[in-house]
Amino acid sequence: MDEFYFNESEYEEIKNDFIQESMEHLQTLENGLLKIEQDEDYDLLNSIFRAAHSIKGAANYLGLEKIIKTAHVIENILDELRNGVIKAEKGVVDYLLKGVDLLRSLICEVQTGEDKNIEYLSFINEAPDKTKITEMGQKKAEAAKDAANSYGSRLQEDANDADSIEDDRGTGQYDYDKVVIFKLGNQHYGVNISEIKEIVKVSEITPIPYTYEYIKGLMNLRGEIITVVDIREKMRAGGEKGDKGRIVILNKDDMQIGFLADQVVEVLEVKPDDIKPPVIDKGFNADYICGIVESEKDLIMLLNINKVFEI
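Keep in mind the model is a prediction, meaning the values are calculated, not measured.

J.: With reference to specific residues and values, describe the pairing of strand 6 (residues 246-250).
T.: Buried residues dominate strand 6, accounting for 5 of its 5 residues. Residues Arg246, Val248 and Leu250 point to one face of strand 6 and Ile247 and Ile249 to the other, with burial holding for every one of them. Taken together, strand 6 and the strand that follows it, strand 7 (residues 257-261), pair antiparallel across an intervening segment of 6 residues.

What follows is the structure, given as C-alpha cells:
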C-alpha cells in the first residue's frame, strides 16, 4: 500500500472532503441504479460508473482498503453493464444497491473513526455472474489491448514522422503503476507515485530574489527547507488557480523540492498499455509530457518529472 504523510489537521481536512464528496457520489449511484433496471441508458450508466470510480480513486488516495475493494467490485460490474456484457436484471441491480449501502456504512465508519468490524468480504465474494463477467471481461480486455496497441503504434509512427516527440519507453518513463492525479486549471496531470514523498497544504513561502519567475521561494517543512516551484509557469500551462491548493513534495535524494498543484484529485492505477504517445499542440512544451491516458474525467497528461525540473 502506497501512503503519503499527512499531519493530523491535513488528514482531517482531506478526510472530510472525501466523506462529503463520496456521500454525494453514493446518492448519484443510488438514484441511477433505481432507474437503470427500467432504462439501460448509456449516459446514465456512464454517470454512475464515474461515481463509483471517483469513490475508489479518492479512497485509494487515503489508503482506505475496505472501501477501495468494495468500490472496485461495483465499478467492474458497472463497466460490464455499460459495455453490454451483462444486463441490468433485478438480481444485478439489487446486488449493486446492497454495495451502495455497504459503502455508506464503511464511509460512516471513516467519519466516526470507530472500527465497527463491518463485514464486506461476503459482498465481494457474492458478485452475481462472477464467472461470466470474468471470462467475457478478459476477452474484451484482450481485444481492447490489441486495439490500443495498434492505435498507439499508429500514433507513434505519425509522431516520429513529424519529429515531434522523443520516445521515452526505453528510459522507463512508461513504467507506470499508480499515478497521483492533480489539476492545474481544468487540465489533469499525473505523476508516478514513486516520485512523490508527501503532499502538504500550502503554507508561507519566502520569495528568493533574482531567480527564475517560476521558482516561488522557500518553505520550511518540519525543519527542512523546500524549494517551491510553480510548474504552471514553468510549463506555460495556463488556467485559473483553484481553491484547494497543495504542494507536492518530490521523492528526490539530491534535492528538496516541491511543486504547486491547484488540487490533488486521486490515485489512479495506470498500466503501460493504457498510455498513448503525447501528440501535443506546439503551443505546449511536449518535452514535459511522456504519455497521455484517457480517463472518464479528462485526458491525463503524464509528466516526465525529471524534464520538468531541468533548469
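On we go.
J.: For helix 3 (residues 65-82), give the residues involved together with the corresponding values.
T.: Over its 18 residues, helix 3 extends 26 Å from the first C-alpha to the last, a length consistent with the 26 Å expected when each residue adds 1.5 Å. For helix 3, the tally of buried residues reaches 13 of 18 residues, placing the bulk of the element in the interior. Immediately beyond the C-terminal end of helix 3, within one or two residues, lies Gly84, with a positive phi of roughly 75°.

J.: Could you give me a rundown of the nonpolar core, with the residues and numbers involved?
T.: With 71 residues, the main nonpolar core has Ile67, Leu78, Phe182, Ile231, Phe259 and Leu303 as its most contacted residues. Per element, the largest residue contribution to this core is 11 residues, and it comes from helix 4 (residues 90-112). Once you skip the residues sitting within four places of it in the chain, Ile67 turns out to touch Phe18, Ile55, Ala59, Leu103, Leu106, Ile107 and Val110. By size, the runner-up hydrophobic cluster in this structure holds 10 residues, among which are Ile181, Leu268, Val293 and Ile300.

J.: Can you explain the pattern of salt bridges? Please cite residues and give values.
T.: Counted by the stated rule, this structure contains 16 salt bridges. Here Glu30 makes a salt bridge to Arg104, at a shortest N to O gap of 3.7 Å. Highlighted residues: Glu30 in helix 1 (residues 8-36) and Arg104 in helix 4, separated in sequence by 74 residues. Taking the shortest distance from any N to any O, the salt bridge between Glu198 and Arg222 comes out at 2.6 Å. With Glu198 in strand 3 (residues 196-201) and Arg222 in the loop between strand 4 (215-221) and strand 5 (224-229), the pair connects residues that are 24 residues apart, well separated along the chain. Within this structure, Glu13, Lys201 and Arg246 form a network of salt bridges that share partners.

Conventions used here
- Residues numbered from 1 in each chain as written.
- Predicted model: local features only at pLDDT ≥ 70, side-chain atom pairs only at ≥ 80, totals over all residues.
- Heavy atoms only, no water.
- Buried < 20%, exposed > 50% of the residue type's maximum accessible area, 1.4 Å probe, protein only.
- Helix = DSSP H or I, 4+ residues; strand = E, 2+ residues; numbered from the N terminus.
- Pairing = 2+ DSSP bridges.
- Expected span 1.5 Å × (residues − 1).
- Core = buried A, V, L, I, M, F, W, Y, C linked by side-chain atoms within 4.5 Å.
- Contact = heavy atoms within 4.5 Å.
- Salt bridge = Lys/Arg side-chain N within 4 Å of Asp/Glu carboxyl O.

Don't take any of this as a statement about function, it's just geometry.
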